[in-house]
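Here is what each chain is made of, one letter per residue.
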Amino acid sequence: MRRRDLLALLGTAAALTPLAGATEAADKIWRIGFLDGGPEAARRPLFDLFRQGMAKRGYVEASNIAYDRRHAEGHFERLPELVRQLLALSPDALLVATTPAAVAAKAATISLPIVIVAVTDPVGTGLVQSLVHPGGNITGITNIAAELTGKRLQILKEMVPAARRIAALVNPDDPNAASQLRYAEDAARELHVELQPVIHIRSAAEVETAFAAAVAAKAEAAIRLVDPLVTSLAEKTAAAELEYRLPVIHASRQSVAAGSLVSYGADGPSQFVQAADLMDKILRGAKPADLPVEQPTKFELVINLKTAKALGVVVPQSLLARADEVIE
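Everything numeric in this text was worked out from a predicted model, so none of it was measured.

**Side note on the overall build of the chain**
Along the chain, the regular secondary structure elements total twelve helices and twelve strands. Taken against the 2.2 N^0.38 rule, which gives 20 Å for 328 residues, the C-alpha radius of gyration of the chain at 22 Å falls within 12% of a compact globule. For the chain, the spread of C-alpha atoms along the principal axes amounts to about 75 × 45 × 35 Å. Counting only residues that meet the buried cut, the chain has 50% of its 328 residues in that class. A sequence separation of at least 24 residues applies to 71% of the contacts in the chain between residues at least 6 apart. Here the chain displays about 14,600 Å² of accessible surface, and carbon together with sulfur accounts for 54% of that area. Considering the chain, the positive charge centre built from 35 side chains and the negative charge centre built from 37 side chains are found 3 Å apart.

Right, here's the structure in full:
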């Protein structure tokens, strides 16, 4: 056999080996723990995308991989105990969604490989040393939600040009709250609008009172900052938006699909697909410290015209032309 043909054959065999380069026995069953700061119902479709991505790479449940999941349902104080439960199961790696969960995981282990997803500012919150050189046991995908806060405020101002006072709806218990507010305040100064009042939403019970407080403070629009509860509160938030006639911009399309006015941000589902690729590399032997934290590859501007009509908002044609999706 010619040397070139032999090399080609060896290359093909390596590509077809599910865990080429791994030192474990062929009958190894990998165990992945999934820790999430938000509600299980909202996260389940995204985790399914991760599982599908893993299956495409040769990891089949009940054959060579098993998953254990824990969800804090927005109660961040539960996270330390939940991560302890996962570590007690001796996982080979953790997939961790949301910043509060990632902070808890980092505090619990400095050796077990961790892939983070749906995390806003991994450098600012001390999860990694830098995006290019994580420097520890953590890598993953950042949704750069903090950096995009200014862009969202700009889009909101385009949609509601008369707005001079914009409320910020934020969960102060989220580690990213401060950085998101800083970006929002910088953008507000450039847009010559007042970012007031800053109103806290920690639970479903506080949604309606938050909108009432914003309207009472004469806010003409609002920006909903990112935290693990946003998706589970999407329908309640959209209902309050219509009841109080307060246009709100969000970070994800799920909120607009639930009835809110507009969103702009990284595409969440695609990040869980990216996470499968990183997890595969780690199970093959790569170290998180050597895998740069990735940024989103897809961003979406989504507009709900039905809600716009109900709120009396005339959406500029320039925004409609840029929209990735328009819900009518």
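Read on, since the account is not over.
**Considerations on the sheet that holds strand 4 (residues 114–119)**
Read across the sheet, five strands follow the order 2-1-3-4-5 without closing on themselves; strand pairing throughout is parallel. Two strands lie at the open edges of the sheet, namely strand 2 (65–71) and strand 5 (138–142), each paired on one side alone. Averaged over all adjacent pairs, the angle separating strand axes in this sheet is 20°, with direction ignored. Strand direction decides the pairing type here: strand 1 (residues 30–36) and strand 2, joined by seven bridges, are parallel. Residue pairing in the sheet places tryptophan 30 in a bridge with isoleucine 65 of strand 2. Contacting strand 1, strand 2, strand 3 (93–97) and strand 4, helix 2 (residues 40–56) crosses the sheet at an angle of about 160° to strand 2.

**Overview of unusual backbone geometry**
Of note, the amide linkage connecting glutamine 196 to proline 197 takes the cis form, showing an omega dihedral of -5°. Relative to the helices and strands, proline 197 is located in strand 7 (residues 194–200). Phi at lysine 218 takes a positive value of approximately 70°, unusual for a residue other than glycine. Structurally, lysine 218 is set in the loop between helix 7 (207–216) and strand 8 (221–224).

**Things to note about the pairing of strand 8**
Of the two faces of strand 8, both are covered, the one formed by Ala221 and Ile223 as well as the one formed by Ala222 and Arg224. Bridging between strand 6 (residues 165–170) and strand 8 involves four bridges; their strand directions are parallel. In the sheet register, leucine 169 faces strand 8, and the bridge partner there is arginine 224. Regarding the hand of the β-α-β motif, the stretch spanning strand 8, helix 8 (residues 234–243) and strand 9 (residues 248–250) is right-handed.

About the cut-offs
- Every chain is numbered on its own, with residues counted from 1 as its sequence reads.
- Where local features are concerned, this predicted model is filtered to residues with pLDDT of at least 70; where side-chain atom pairs are given and counted, the filter is 80 or more; whole-chain, interface and lining totals use all residues.
- Side-chain measures here rest on the full set of heavy atoms in the structure, leaving out hydrogens and waters.
- Each helix corresponds to a stretch of at least 4 residues labelled H or I by DSSP, and each strand to a stretch of at least 2 residues labelled E; elements are numbered beginning at the N terminus.
- Values of the radius of gyration come from C-alpha atoms, whereas the globule rule sets the reference at 2.2 Å times the count of residues to the power 0.38.
- Three exposure classes are used, based on accessible area relative to the maximum for each residue type with a 1.4 Å probe and protein chains only: buried under 20%, partly exposed in between, and exposed over 50%.
- Residue contacts follow a heavy-atom distance rule, with two residues in contact if any of their heavy atoms lie within 4.5 Å.
- Using the Shrake-Rupley algorithm and a 1.4 Å probe, accessible areas are obtained, with residue cover drawn only from the displayed protein chains.
- Charge convention: Lys and Arg are scored as positive, Asp and Glu as negative, and His as well as the terminal groups of each chain are ignored.
- Charged side chains are reduced to one point each, which is NZ for Lys, CZ for Arg, CG for Asp and CD for Glu.
- A pair of strands is considered paired only if DSSP assigns at least 2 bridges between the two.
- Axis definition: a line fitted to C-alpha atoms, limited for helices to the stretch in contact. Angles are taken between N-to-C directions and run from 0 to 180 degrees.
- Seen with its strands pointing away from the viewer, a crossover is right-handed when the path leading from the first strand over the helix to the second is clockwise.

The values are spatial; any link to function lies outside them.
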